[in-house]
Amino acid sequence: MPPKPPRRAGSARTQRPSPDGGSAPPAAPRVEVGEADFVVLCDALKVSESVREKAWKTYESLSAADGALACNTKKKETWGVCIFIVAIDLDEVTFTFTELLKSIKMSVCTFFHFLKEVDVNMDTVSTKVDSTVSRLKKKYDVLFALYHKFERTCGLIYLEQPSSEISAELSSVLVLKNYWITFLLAKGKVLQVEDDLVISFQLLLCVLDYFIKLSPPAMLKEPYKSSVPAVTVNGSARTPRRGQSRSSRTAKQLDTDTKIIEILCKEHDCNLDEVKNVYFTSFIPFLNSAGIVASNGLPEVEVILKQYDELYLKNKDIDARLFLNHDETLQPAVIACSQLERTPLKNNADEEINIILPQTPVRAAMNNIQQLIMILNSATDKPSDTLIKYFNNCTVNPKDSILKRVESFEHIFKKKFAEAVGQGWAEIGSQRYKLGVRLYYRVMESMLKSEEERLSVQNFSKLLNDNIFHTSLLACAVEVVMATYGRNASQGDSTSAETDLSFPWILNVFDLKAFDFYKVIESFIRAEPNLTREMIKHLEHCEHRIMESLAWQSGSPLFDLIKQSKEREGQADQPEPTATPSTPFQHNHTAADLYLSPVKSPKKKASLSATPPPDVPPAVTPQTPQKPQKSTSLSLFYKKVYLLAYRRLHTLFLHLLSDHPDLEPLIWTLFQHTLQNEYELMRDRHLDQIMMCSMYGICKVKNVDLRFKMIVSAYKELCNTNQETFKRVLIREEQYDSIIVFYNLVFMQKLKTNILQYASSRPPTLSPIPHIPRSPYQFSNSPRRVPAGNNIYISPLKSPYKFSDGFQSPTKMTPRSRILVSIGESFGTSEKFQKINQMLCNSEGQLKRSADVGAAAPKPLKRLRFDIEGTDEADGSKHLPQESKFQQKLAEMTSTRTRMQKQKLNDGNDTSATEDK
């Protein structure tokens, strides 16, 4: 049913205000705005007069803008976008998002892409509209992933053509519809965070369990058929509505029988305890509130349809019922199978080609969760015996304070999680927190072992009695768990989709400063070698978020450290003299160095155990007056900020100014000077705002035509950027405006003298370009060539894993890796070796036959080749003639691997030798 327009929208169209403040007669003619088709569209969407007028003005301004070709060729689509933008900005939305898409005949994905294309001047789409679009995108991604998982799962549960005993009303189409709408209703009423993929999927499993139990066994496939409780009558899931004893027995059976849910959890690698918790604390209360009674059989479709319709019209967003009809409005862009990546070595003509599609978002999320759980299976909720020994070795035993802190944060986290997700999900929050505690103790133990090896010290009293260190470490562990569970349906390898529980939510829960949290990230990654690639990249993303903006917020301890550094050096323009771009990035600092800096002296190993007397709190330890010591944490922070800043600048520079290479050093010098000497400009602002202003300023004085419009257009195309960065910049207290206003009123006023120097005959001394090392966190996205000349490429072992068989058995291999051999891993059967040898023999045979018949030089085969047959030119080793080709090549690969390990060890020793002790 179409939504009823609000009263004020209706009155705006029928009663126009008169000059004397009264109301004009209802029959007064309305002044039509825009073309006839625009008026028809507005009438169909029931928009108010104010929305009509402003939307048409917006359309006119878009049409007149430079590069507005899309607006002029797609009028109706542009009208729809303008109505959408204005209605949200004015809080007068009288239509649902799906109704809008239907009216202008666009799909969800096409609409989002077109909206971005229409915003040519970067001022059409407000941050309020950006937020709404982001929410719609996330909801669509989750719904799309869940529906396709649901459709495939139902195909594994139900027979396509059940026996004739089943009544017509229980057709597969009806069952599918009943399932899906019940799930949508449950999701909308139970969940406050509708873009949480994992919790939504757990709720979907509850719905599946409920309906399977009500289905006649004749409709089901094994193993579900033999596991369904005998509560059906005459092959129909509809039971008599009368008879209290019958109702009680049925409800009890359905609630207590867990066979089906166990099968579903096993099939989908879901945690059984978590799904049970969702079932009893959230799903059963939903059934009761919706009036769905198990003894009545399958819910009436009309009843749940009516309830969902009310929910959909209230939210005014996506009508997810259309997934059932495969409606084109909800279909994404289709990627043909022919575009899938293939191996260079083709199969035989008569060999069947099995294309393995990428894993689904749901499967990827479940795999990541199972891998995390397997890592923590050996961990406990309490400190291990090894940790207890470390605690006992401390001058002041930290055990009691650690346990109290963990217990206190559990109550806080459980409360905050329930507030964000829903009160019925508090226990789920508690379960996730406990996983985080296990990881916290595990990583703490690993850190202390590393510190003991590094310093030959066993008394870590000062570190283990540091409240900020423990809070940061615990928050980081819980963040890893939350990010693992919070994987969004739209996340790829390099992006991190935002949700209500995304970082920096954890900082608010633990009342932790971002700069303090940053200190533990690198040590945390080093201490836990089993972290997944996705989690390492997520923590790196968190570190970047901190360096670019979060650490520069008012109240951050960063500004106090900079002030202390200036006082120490006695130079008002040098916040951290040692943190220059030319300083090598390599370091061997640990969390202990960063959290105890600047009080800790790196040269005194015993300082880790130094603690105040029991009656003096650690934070106010009396110290004799002395010159403040160097801040390790500040120095390392500035090094990382410079690296991040230059990477961002270099990427944007290549997009915009590749024809002016001489400008990059000038822009970087101004950028680096601002960060080092005018760091107050970063307070409550973003690193990229300073970057864009530096680029514009240098181009201005060098007479290079580069407008802010061009800069922000290129900036929008970069990874992990937000339009709010250039649309909402702090001008002065409580006042925000665009990046252009910030440049004119703040940046230029502060740096005018410095900027003008670049146009003079004596420009400032150029800052050295930072050396960009390989990230300590990243895995290579593409294979890397092994040095020493051999034609060997290595790449990290890819997920997913089949967790039921343990870590060492990857699941289905892709066409690229069907004959993959991993050095150091169990090979299994000999079939793989035989196939490789057969391939090599066939290839050599083809070459010989070509040479015998005097054919032209053969086309090089796309297979693994080595530079010299039988000789490893790096170490000169020879191979015995009786060795097979594969044995020779395996020996060469092993030799190369040994050289790489030795080189890595030597590099590590060289790096350690150059560091300050």
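Whatever comes next refers back to the structure up there.
Here's a quick rundown of the structure. (Residues numbered from 1 in each chain as written. Predicted model: local features only at pLDDT ≥ 70, side-chain atom pairs only at ≥ 80, totals over all residues. Heavy atoms only, no water.)

Side note on empty space enclosed by the protein
If a probe the size of a water molecule is rolled over the atoms, the empty space left behind becomes visible.
So, step 1. Taken as a whole, this structure holds seven cavities of 30 Å³ or more when the rule is applied.
So, step 2. The element best represented in the lining of the largest cavity is helix H14 (residues 301–315), accounting for four residues.
So, step 3. Classifying every residue of the lining of the largest cavity by side-chain character gives seven nonpolar, two polar and four charged. (1 Å grid on protein atoms, 1.4 Å probe; cavity = no way out; pocket = protein on both sides within 12 Å on 5 of 7 lines; lining within 4 Å. Points joined across faces, edges and corners; volume = space filled by probe spheres on them. Helix = DSSP H or I, 4+ residues; strand = E, 2+ residues; numbered from the N terminus. Nonpolar A, V, L, I, M, F, W, Y, C, P; charged D, E, K, R; others polar.)

Topic: the packing of aromatic side chains
So, step 1. The final tally for this structure, using the stated rule, is 51 aromatic pairs.
So, step 2. Seen from their ring centres, tryptophan 552 and tyrosine 638 are 6.4 Å apart, and the 90° between their planes marks the pair as edge-to-face. Here tryptophan 552 is found in the loop between helix H23 (533–548) and helix H24 (557–569), whereas its partner tyrosine 638 is found in helix H26 (residues 632–656), with 86 residues between them in sequence.
So, step 3. For tyrosine 638, a relative accessible area of 1% gives the class buried.
So, step 4. The ring of phenylalanine 112 carries lysine 137 above its face, with NZ or CZ at 5.6 Å from the centroid.
So, step 5. In this structure, arginine 728 packs its charged tip against the face of tyrosine 736, placed 3.8 Å from the ring centre. (Phe/Tyr/Trp six-rings, centres within 6.5 Å; stacked < 30°, edge-to-face > 60°. Buried < 20%, exposed > 50% of the residue type's maximum accessible area, 1.4 Å probe, protein only. Lys NZ or Arg CZ within 6 Å of the ring centre and 35° of its normal.)

Details of the pairing of strand S1 (residues 729–732)
Where a strand is regular, its side chains alternate between the two sheet faces.
So, step 1. The pairing of S1 with strand S2 (residues 735–737) spans three bridges and is antiparallel. Bridge assignment links arginine 732 to a residue of S2, and that residue is glutamine 735.
So, step 2. From the end of S1 to the start of S2, which pair antiparallel, there are two residues, and glutamate 734 there has a positive phi angle of about 65°. (Pairing = 2+ DSSP bridges.)

Some words on helix H27 (residues 663–677)
So, step 1. The end-to-end C-alpha separation of H27 is 21 Å, in line with the 21 Å expected for 15 residues at 1.5 Å each.
So, step 2. Extensive coverage of H27 is indicated by the burial of 14 of its 15 residues. (Expected span 1.5 Å × (residues − 1).)

Here we look at the side chain of histidine 268
So, step 1. Among the secondary structure elements, histidine 268 is positioned in the loop between helix H12 (259–267) and helix H13 (272–290).
So, step 2. Beyond its immediate stretch of four places on either side in the chain, histidine 268 contacts Lys149, Thr153, Phe201, Leu205, Arg363 and Met366. (Contact = heavy atoms within 4.5 Å.)

Observations concerning the pattern of salt bridges
When charged atoms on two side chains of opposite charge get close, those side chains can pair.
So, step 1. In this structure the tally under the stated criterion is 26 salt bridges.
So, step 2. Between arginine 321 and aspartate 319 there is a salt bridge whose closest N-O contact spans 2.8 Å.
So, step 3. A salt bridge links glutamate 548 to arginine 648; the nearest nitrogen and oxygen atoms lie 2.6 Å apart. Of this pair, glutamate 548 sits in helix H23 while arginine 648 sits in helix H26; the two residues are 100 residues apart in sequence, bridging distant segments of the chain. Residue glutamate 548 shares its accessibility class with arginine 648, and that shared class is buried. (Salt bridge = Lys/Arg side-chain N within 4 Å of Asp/Glu carboxyl O.)

Points about the packing of helix H22 (residues 514–527) against H26
So, step 1. Relative to each other, H22 and H26 sit at 80°, their axes nearing to 11 Å. One finds that H22 runs roughly perpendicular with respect to H26. Of the residues in H26, those touching H22 at Phe515, Tyr518, Lys519 and Glu522 are Ser633, Leu636, Phe637 and Lys640.
So, step 2. Of the residues assigned to the contact of H22 with H26, the class counts are four nonpolar, one polar and three charged. (Axes fitted to C-alpha atoms, helices over the stretch in contact; angles between N-to-C directions. Parallel < 35°, antiparallel > 145°, perpendicular 65-115°, else oblique.)

Nothing here speaks to function; it is geometry throughout.
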